[in-house]
Amino acid sequence: MLVGKMMIDVPISQQDLDNWLKDLNLVAEISNSKAILIAWNAAGELSSMLSSDSAAGSEIQALLCHLSSNHSAKTLPNATLSAATSSIATQSKAVSSNTTSTLSSNTFETSVDAQLAQEQLISPNESISVLPRLAHHQITSSLSVSELTELVSQSQLIIDTRQHSDWRSCSSIGSVICLSLAWPSGANFGFLCFYHHEAQGVDSKTLRLAKLISDSIQHRLGEILSQHSAAEALSRGAPSNIDTVDLQSFIDSFEEHIWMKNAAGIYTLCNRSVEKAWEMPRSEIVGKSDAELFGEDIANIFLEGDRLAIESGMPIIVAECLDGGETKNHLWLETLKLPTLNPHGEFVGVIGMTRNISKHKAVEEQLTLATNVFKNSVEGVVVTDRHGNITDVNGAFFEITGYVRDELIGQNPRIFSSGRHDKAFFDKLWNALLANGKWNGEIWNRRKNGTIFPQNITISTIYDEVGDVRYFVAVFADISAQKENEAQLTHLAYFDPLTHLPNRMKFMMQLKQEVRQAKRLNLQLATVMIDVDLFKHINDSFGHSIGDEMLVELAKRLRSQVGDQDVLSRIGGDEFVALISGIDNSEDATVAIHQLRQVFEQPFIVSTGDHLRLTASMGVSLYPSDGTDADTLLRNADAAMYRAKNDGRNNYAFYTESLTQQSFEHLKLQSALYGAIEQNALYLMYQPKLDLVTRKTVGFEALLRWHDPQLGLISPAVFIPVAEKIGLIHEIGLWVLETACRQGIRWLSEGKHFGRIAVNVAGQQLQRSSFVDDVKRVLAETGLPAKHLELEVTESVMMQNPDLAIRDLKRLGDLGIELSVDDFGTGYSSLNYLKKLPIHKLKIDQSFVRDIPFDTNNTAIAKAVIALGHALKLDIIAEGVETKEQADFLQQNQCDQAQGYLFSRPQLPEDLDAFLS
């Protein structure tokens, strides 16, 4: 009898089912467990095929539901997954030839203990892979059937499901065994499961018994498939030799591309169409693999199609795609693959056929387009004959009007009349339609329930071959929502949609009005700019939805702290501004600011249950002392806010004239920086790095300096942030790198040994996708060997995008460049990422070296960094070493290298001979 489609459609007799059931019951009785045989069908469904007498329906359902639930599974490495198909294909061949389909109790006395002794079973405390669960017997996991089978083979025995979080929900199962089953061709058959209520109920002994059952079933599957193939061949009769054509001539007569690969993936034949399409003769195709013909990337795609055909055990369409470089030359191609089996049912190869389905696709697309446009259009569509009687309507028409198709066929559209338009309106409409063939406008019509609604409608005339009117087609949209939206546009134009506070435009209108009133009444006003500190971290860590929750709550809190006559506005993502009126002096403004700052004292409780805290930087400008118009007051409050932010955040500042002067100086600095490279105003100085034990030079750090003809010597702490802000840091950074490399070449040519030259890398440089290539280019152009270059990157830069940093730093390290983490301990470190970074050195920041060995905190931090670095097999270098006591302490605590004023200040290259030996 045929019990249902497996992934290979072969009848399985009732006798075989009875024999298998006897085996399941026997093993279940011996091992005091319960058993179930689960099988796949052609639709990719899992269901119970057989179960032992002791197995209850609820237990079977619990197992299936567990496998069927949407549970994440560990993903196997690609190499394991790619090997899964071949391992399944050979699995059935490992069955001993003397294995019988029905096992007696004596069989188990001679079990394969020696073989299983080599296998490592899963203990309760080991981490294992878990089966992916399927949505109620239907495969919805991203894993394929073969990948699921491979996962089962990775964890055949789970001794205690309570030790595995993924099995805890399956309370009726305490321990379980899962073994995968396959046809000889490699197509998946299903799974054999033995289970027990209690933990330790199934063990290695049960597994040995289960494997014998599994081997027996697989052996029998091979026999069933072989017998079926033989019977099928007999029923077909022997092939006739009369007027036969050889195989090559036969396939050459097809326009379709036809080819075959053997079990090893080697092409064994192809037709002339394949030779033409692939632009190579048969002699260059036959005997080669996909990788040899097309390269690894394309070969992997083709082999994936082969795998799907093999595991399904039946013909499948694996690809349908466009071919051709130009649109007019596009061809739709469809590729069919099917596994080929020998008379014994064993997999011997894959046959493929690719055919041109362009004409079929063209007709299909035209029909699909016409049908979808009509049926799925969100606009209502009504078609009338030349007399105006309705012949068809689409689904959207019903959604909009409430009328169904049968109620309208043969009716005249005047049944929709709202009574709002007079006869002259419709006369003008029809005259325009007949004269121009089209009319567009707004009409108010009536729904079936009697409500009136506005439509934007386009009516078009459809003519027949001789130019007579055949149909009228009206396409309309319900614009009720649009009309409502128009009423809300004014509100949306002036209010923030998230917090419903006035937006920038509305605030400026109110500020101008308040300034006019304050001028007339001789009053004072305070404009307070509020910027949430580091709010980006909230969005990045918890998501924008949580960020929005906090902004809404913050708006409520701020609103509660200002008076009814005051104005609170949200003018940007995390920027608010408050207009405080009715103040007499700056002290009143200070009181108002402290009230606003109080809203940040309590944590923000978000929907996830987390308690999050915020701080803000505030800037204040006063009318009339800091400005007499709205634009000036807002601009000066913004400037004051940035001063508060620069002073350390979580603070506030009043605007002063000196702040404006500082802004002018900043602008002057920007202008001068643009010409610094061209004017040769930039130069490098080098500070030696010494081995703390031998006190010999091991390298130099290149330090950038700027001497402007007008502005004089400018500190890097001043101009580097400006360069980053105006986008010059990448150009300057490349100049530094190239200059340092050229200096290294000069030293090498002079026979001077300097170890490595360390160059600092700014965050914006590392974030550029071209940075690694830029470094390669500089090394190639200057000729400096990579072993003489070191790049220093601050930990805060690497933590901004650690995955990108790991990738790029690894590429740099592969070149032979040494990599250092600069200013270690001053940023937001992640030890999880630190251990993954391909770095060689940690630099202890000078802020931790300062006051060593007298400051107990700094000494503790320095020791911790040294211990951490050495644990990660990194060299440790301390910067800012200025005293002998500091150097001695660092040496005693096994710090490797140091640099600082104790050894040498940064110097020009010509002054470093004493350090170049």
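Reference entry: report on the structure contained in this document. (Residues numbered from 1 in each chain as written. Predicted model: local features only at pLDDT ≥ 70, side-chain atom pairs only at ≥ 80, totals over all residues. Heavy atoms only, no water.)

Scanning the chain from N- to C-terminus turns up 31 helices and 31 strands. Evaluated residue by residue, the chain yields a buried proportion of 46% over its 917 residues. Long-range pairs, those at least 24 residues apart, make up 61% of the contacts in the chain between residues at least 6 apart in sequence. As displayed, the chain offers around 46600 Å² of accessible surface, 51% of which is attributable to carbon and sulfur atoms. (Helix = DSSP H or I, 4+ residues; strand = E, 2+ residues; numbered from the N terminus. Buried < 20%, exposed > 50% of the residue type's maximum accessible area, 1.4 Å probe, protein only. Contact = heavy atoms within 4.5 Å. Areas by Shrake-Rupley, 256 points an atom, 1.4 Å probe, with all protein chains shown as cover.)

What follows deals with unusual backbone geometry. Looking along the chain, the bond that leaves Y623 and enters P624 is cis, with omega of 5°. Mapping P624 onto the fold places it in the loop between β21 (616-623) and α20 (630-646). Geometrically, the link from I852 to P853 is a cis peptide bond, its omega value of 5° lying close to zero. Position of P853 relative to the elements: it lies in the loop between α29 (846-849) and α30 (856-871). Phi angles above zero are rare outside glycine, and H500 is one such case at about 60°. Within the secondary structure, H500 sits in the loop between α15 (480-494) and α16 (504-521). Looking at H500, the relative accessible area reads 53%, which means it is exposed.

Quick look at the sheet that holds strand β18 (residues 575-583) now. With respect to topology, five strands assemble into an open sheet ordered β17-β18-β16-β21-β22, the strand pairing being mixed. Two strands bound the open sheet, and with one partner strand each, they are β17 (567-570) and β22 (652-654). On average, each strand axis in the sheet is inclined to that of its neighbour by 15°, with strand direction left out of account. Sheet analysis places β17 next to β18, joined by four bridges and oriented antiparallel. Directly across from V567, in β18, lies its bridge partner L579. (Pairing = 2+ DSSP bridges. Axes fitted to C-alpha atoms, helices over the stretch in contact; angles between N-to-C directions.)

Another aspect to go through is the packing of aromatic side chains. Scanning the model with the defined rule gives 18 aromatic pairs in all. An angle of 90° between the planes, with centres 6.1 Å apart, marks the rings of F425 and W439 as edge-to-face. Placement of F425 in helix α14 (residues 423-436) and of W439 in strand β13 (residues 438-446) is noted, with a sequence separation of 14 residues between them. In this structure F425 comes out as partly exposed when scored by relative accessible area, which is 24%. On the basis of relative accessible area, W439 is assigned to the buried category, the value being 15%. (Phe/Tyr/Trp six-rings, centres within 6.5 Å; stacked < 30°, edge-to-face > 60°.)

Moving on, we get to a nonpolar patch on the surface. Taken together, the side chains of V245, L247, F250 and F254 make up a nonpolar region of the molecular surface, amounting to roughly 380 Å² of accessible area. By the secondary structure assignment, V245 is in the loop between α6 (204-236) and α7 (247-252). (Patch = residues over 30% accessible without salt bridge, like charges linked within 9 Å, V, L, I, M, F, W, Y side chains within 5 Å. Salt bridge = Lys/Arg side-chain N within 4 Å of Asp/Glu carboxyl O.)

So, about the pairing of strand β10 (residues 347-356). Bridging between strand β6 (residues 257-262) and β10 involves six bridges; their strand directions are antiparallel. Considered in β10, the bridge of M260 is made with I351. Two strands pair when backbone bridges link them, and strand β9 (residues 331-341) and β10 are joined in this way by nine bridges, in the antiparallel orientation. If you follow K337 over to β10, its bridge partner there is G352. Following β9, the chain reverses through five residues before pairing antiparallel with β10; G345 in that reversal takes a positive phi of roughly 80°.

Below, the discussion takes up the pattern of salt bridges. One pass over the full model with this rule turns up 38 salt bridges. Linking D306 and K337 is a salt bridge whose minimum nitrogen-to-oxygen distance equals 2.7 Å. Here K337 lies in strand β9 and D306 lies in helix α10 (residues 296-312), a separation of 31 residues in the sequence. Overall, the relative accessible area of 6% leaves D306 in the buried class. Judged by its relative accessible area of 5%, K337 falls in the buried class. The structure contains a network of salt bridges with shared partners spanning K689, E701, R756, E790, E792, E818, K841, K843 and E879.

Take the sheet that holds strand β3 (residues 157-158) next. With antiparallel pairing, five strands are arranged side by side in an open sheet as β2-β1-β5-β4-β3. Each end of this open sheet is capped by a strand with a single partner; those strands are β2 (46-51) and β3. Looking at chain direction, strand β1 (residues 34-40) and β2 are connected through five bridges and run antiparallel. The residue bridging A39 from the neighbouring strand is S47, located in β2. On top of the sheet, helix α1 (residues 14-30) reaches β1, β2 and β5 (188-196); it is set at about 75° to β2, its chief contact.

Time to look at the packing of helix α25 (residues 771-782) against helix α27 (residues 802-814). Each pair of packed helices can be described by the angle between their axes along with the distance between the axes. It is the contact of α25 with α27, at a shortest axis distance of 10 Å, that shows an interaxial angle of 15°. In terms of axis orientation, α25 runs roughly parallel to α27. By crossing handedness, the relation of α25 to α27 is classed as right-handed. On α27, the residues touching F771, V772, D773, V775 and K776 of α25 are D808, R811 and L812. Split by residue class, the contact of α25 with α27 holds four nonpolar, no polar and four charged. (Parallel < 35°, antiparallel > 145°, perpendicular 65-115°, else oblique. Left-handed = near helix turned anticlockwise from the far one by under 90°. Nonpolar A, V, L, I, M, F, W, Y, C, P; charged D, E, K, R; others polar.)

Another aspect to go through is the nonpolar core. In terms of nonpolar packing, the biggest core is built from 77 residues, with L673, W706, L789 and L791 touching the most fellow members. Counting residues per element, this core draws most heavily on helix α23 (residues 729-749), which supplies seven residues. Counting only domains with at least three residues in this core, you end up with domain 4 (501-675) and domain 5 (682-915). Those residues in contact with L791, other than ones at most four positions away along the chain, are L737, V759, V761, F771, L812, I817, E818, L819 and S820. If you look at the next biggest cluster of nonpolar residues, it comprises 33 residues, including V528, V562, A578 and L596. (Core = buried A, V, L, I, M, F, W, Y, C linked by side-chain atoms within 4.5 Å. Domains from an automatic or database assignment.)

Right, let's talk about helix α17 (residues 535-542) for a bit. Taken residue by residue, α17 has F535, I538 and N539 as its buried positions. Viewed along the axis of α17, the buried residues span an arc of 95°, placing them on a single side of the element. Among the exposed residues of α17, those pointing more than 90 degrees away from its buried face are K536, D540 and S541. Residues of α17 that are buried make contact with β16 (524-532), α18 (544-561) and β20 (611-612). Positive backbone phi, approximately 100°, marks G543, located one or two places after α17. (Arc of directions from axis to C-beta.)

This part is about the environment of R570. In this fold, R570 is placed in strand β17. Beyond its immediate sequence surroundings of up to four residues, R570 is in contact with D496, L498, T499, L501, P502, N503, R504, L551, E575 and F576. Engagement of the side chain of R570 in a polar contact is seen with the backbone oxygen of G573, the distance being 2.8 Å. (Polar contact = N/O pair within 3.5 Å; in protein donor to acceptor, adjacent residues only side chain to side chain.)

Here three bridges tie β6 to strand β7 (residues 267-270), and the two strands are oriented antiparallel to one another. Along β7, the bridge assignment pairs M260 with L269. Between β6 and β7, which follow one another and run antiparallel, lie four residues, and G265 among them has a positive phi close to 80°.

A few words on the side chain of D626. Residue position: D626 is located in the loop between β21 and α20. R643 provides the closest opposite charge to the buried, unpaired D626, separated from it by 9.2 Å. For D626, the contacting residues outside a window of four places in its chain are V620, S621, T632, L633, N636 and Y655. (Lys, Arg positive; Asp, Glu negative; His and termini not counted.)

Two numbers describe how α17 lies on α18: the axes approach to 6 Å, and their chain directions differ by 135°. Classed by the angle they form, the pair α17 and α18 counts as oblique. Of α18, the residues touching α17 (which contributes F535, I538, N539 and F542) are H544, I546, G547, M550 and L551. When grouped by side-chain class, the residues that make up the contact of α17 with α18 number six nonpolar, three polar and no charged.

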